[in-house]
Amino acid sequence: MTPALQKNRPGAAFPFDNSYVGLPERFFTPQSPTPVTEPWLIKLNEPLAAELGLDVEALRRDGAAIFSGNLVPEGAQPLAMAYAGHQFGGFSPVLGDGRAILLGEVVDAKGKRFDIQLKGAGPTPFSRRGDGRAALGPVLREYIISEAMFALGVPATRALAAVTTGEPVYREEVLPGAVFTRVAASHIRVGTFQFFAARGDTGGVRALADHVIDRHYPTLKEADNPYLALFDAVSDRQAALIARWLHVGFIHGVMNTDNMTVSGETIDFGPCAFMDSYDPATVFSSIDQHGRYAYANQPAIGQWNLARLGETLLPLIDAEPDSAVDKANIVIRAYGERFQAQWLAGMRHKIGLAGEEDGDLELVQALLALMQAQVADFTLTFRRLSDLAGDDTAEPAFAASFREPDACRDWLVRWRERLSRDPQAASERAVAMRRVNPAFIPRNHRVEQAIDAAVEDGDFSLFEALLTVLSNPYEDQPAFAAYMEPPKPNERVLQTFCGT
């Protein structure tokens, strides 16, 4: 028997301060979670809960009920957001939250506003014949990856909690059900703007843009053209975000416009993965048959997605259509320059360059080409280069990153010659490089091992261990040294799945 939905039980309140629900009713559909039979709290992110001003003791007690959707906290105004989106280049005019329910918003002690959202909490009017549920594996994957991204310093949504539901979900096989609680600066996407633009609803686009400016870019209200300034600001954040993805070897896997936030956060960790050996054509997503969202294609796809956002804003940017297009195109062209500047600045840091010289780009590209030809592990190569920057005796370990260790000798000569013109001391350089070159990433095989143990055996110890390791990715952790290693041939994970 499914338990009844509970509301307003003492001690369950969040300090909600909801703003999205104040937008016109066509922006969302009020939607309560669907209760589950036997919720169990897998994990509560207590540090994050405390930062958000939540009652950690109450969440320990009531977390299973709250984060499964059985207990709606006092002050919540649950809703499913409406949005559209281009999915692999094809436009869908109606998507929306098909298995996600926004409980409400909280404002932390620093005055920052965050959404609290349940994923897998039951069907909504946007479910498109789906069950609105989530399986345990994808919930654990999103928890691991989102928290790893945060620790790596990449803007991303956060994991507040994960629960099992005590109910099965039916995909290709029967799997244990779960619910994930996601925290985001907001869940407003490029596709949210597209939803209104596709209907010729300029008033809706304007109301949404005003809301985004108030929430994420309040200083733009004083700009001569606030909507053009908004487009420019979103473009700037996306250029910086995607550059950070490339710096850590991250492949999103499904960069549809409904998966691109206007806040500049990474969102929706479905078929995402981190590269092992470097190859710019790397694709993991099982649904990306033609490599549209391959590692090296991500910057261009970011620009393509921004062009779709710009199209929705044209009537707000200028009443004269040709002038609006001209102004938006300036922003689109600037994105490429911004991305390149962000990417090269980060790559300079990764190889230990404190200054800037004209030949730096070619030096970086030469290393990447060598890594690709020699099937070098992306993360370990840069980490070992960090060690070598402060200690010449670390050269054999760095050279061992390549199939033919001697293949790196010429590049090392050029690198050292370039470093000789930088004033930074070797010890300072090594420390700085270790701050940007992680020792630990969520290796795909480790993530899959943790998921398999939990799903097949109910064993969450590998999940917990992985979270511990990934919470300090830039620190040497001798007790977890094995987690640095790339997969053996029989451990390689070559495909990831969306999880819906």
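A quick note: this is a predicted structure, and the numbers were derived from the prediction, not measured.

> So what's going on with the nonpolar core? Which residues, and what values?
Counting residues in each nonpolar core, the largest one holds 127 residues, and the members touching the most others are Phe-193 and Leu-385. Sort the elements by how many residues they give to this core and helix H6 (residues 226-247) lands first, with twelve residues. A domain-level breakdown of this core finds at least three residues from each of domain 1 (16-187) and domain 2 (191-349). In this structure Leu-385 touches Lys-350, Ile-351, Leu-367, Phe-398, Trp-411, Leu-412, Trp-415 and Met-433, once residues within four positions along its chain are discounted. Counting residues in hydrophobic clusters, the runner-up holds 27 residues, among them Leu-44, Ile-66, Leu-160 and Val-163.

> Now, about helix H4 (residues 190-197): what can you tell me, with residues and values included?
Residue pairs three or four apart in sequence face the same way in an α-helix, which turns once every 3.6 residues. Within H4, seven of the eight residues are buried, leaving the element largely enclosed by the surrounding structure. Taken together, the buried positions of H4 are occupied by Val-190, Gly-191, Thr-192, Phe-193, Gln-194, Phe-195 and Phe-196. Tucked into the core, H4 has its buried residues touching strand E6 (85-87), strand E7 (90-92), helix H5 (202-216) and helix H7 (298-317).

> Give me the packing of helix H8 (residues 321-350) against helix H9 (residues 360-373): which residues, what numbers.
The geometry of a pair of packed helices is captured by two quantities: the angle between their axes and the separation between those axes. Contact geometry for H8 and H9: axes closest at 10 Å, N-to-C directions at 70 degrees. Here H9 runs roughly perpendicular to H8, going by the angle between their axes. Contacts between H8 and H9 involve Gln-340, Trp-343, Leu-344, Met-347 and Arg-348 from the first element and Asp-360, Leu-361, Val-364 and Leu-368 from the second.

> Can you break down the packing of aromatic side chains residue by residue, with the values?
Summed over the entire model, instances satisfying the criterion amount to 20 aromatic pairs. When the centroid spacing of 6.3 Å and the interplanar angle of 55 degrees are considered together, the rings of Tyr-20 and Phe-28 count as tilted. On the basis of relative accessibility, which here comes to 1%, the residue Tyr-20 falls in the buried class. Residue classification places Phe-28 among the buried positions, given a relative accessible area of 10%. When the centroid spacing of 5.6 Å and the interplanar angle of 75 degrees are considered together, the rings of Tyr-143 and Phe-463 count as edge-to-face. Here Tyr-143, found in helix H3 (residues 136-152), pairs with Phe-463, found in helix H15 (residues 461-470); they are 320 residues apart in sequence, far enough to count as distant. Across the pair, Phe-463 and Tyr-143 agree in class, each one buried.

> So what's going on with the UniProt feature "binding site: ATP" (unreviewed entry) in the protein chain? Which residues, and what values?
If you check UniProt for "binding site: ATP" (unreviewed entry), the listed places come out as Gly-96, Gly-98, Arg-99, Lys-119, Asp-131, Gly-132, Arg-182, Arg-189 and Asp-268 in our numbering. On the basis of their most widely separated C-alpha atoms, the annotated residues across 173 residues do not gather in one place, lying as much as 23.0 Å apart. One can find Arg-182 in strand E12 (residues 174-184). Aside from chain neighbours lying at most four places away, what touches Arg-182 is Asp-115, Ile-116, Gln-117, Lys-119, Glu-142, Thr-157, Arg-158, His-187, Arg-189, Ile-267 and Asp-268. Residue position: Arg-189 is located in the loop between E12 and H4.

> Requested: an account of the UniProt feature "binding site: Mg(2+)" (unreviewed entry) in the protein chain, with residues and values cited.
On the UniProt side, "binding site: Mg(2+)" (unreviewed entry) is annotated at positions that read Asn-259 and Asp-268 here. Inspection of the secondary structure assignment puts Asn-259 in the loop between strand E13 (250-251) and strand E14 (273-274). On the basis of relative accessibility, which here comes to 12%, the residue Asn-259 falls in the buried class. Non-local contacts of Asn-259, meaning those with residues more than four positions away in its chain, are made with Arg-189, His-252, Val-254, Ile-267 and Asp-268. A polar atom in the side chain of Asn-259 sits 2.9 Å from the backbone oxygen of Val-254. Looking at the secondary structure, you find Asp-268 in the loop between E13 and E14. Overall, the relative accessible area of 13% leaves Asp-268 in the buried class.

Rules of the game
Residues numbered from 1 in each chain as written. Predicted model: local features only at pLDDT ≥ 70, side-chain atom pairs only at ≥ 80, totals over all residues. Heavy atoms only, no water. Core = buried A, V, L, I, M, F, W, Y, C linked by side-chain atoms within 4.5 Å. Buried < 20%, exposed > 50% of the residue type's maximum accessible area, 1.4 Å probe, protein only. Helix = DSSP H or I, 4+ residues; strand = E, 2+ residues; numbered from the N terminus. Domains from an automatic or database assignment. Contact = heavy atoms within 4.5 Å. Axes fitted to C-alpha atoms, helices over the stretch in contact; angles between N-to-C directions. Parallel < 35°, antiparallel > 145°, perpendicular 65-115°, else oblique. Phe/Tyr/Trp six-rings, centres within 6.5 Å; stacked < 30°, edge-to-face > 60°. UniProt positions renumbered as here; feature names shortened; annotations may be inferred. Polar contact = N/O pair within 3.5 Å; in protein donor to acceptor, adjacent residues only side chain to side chain.

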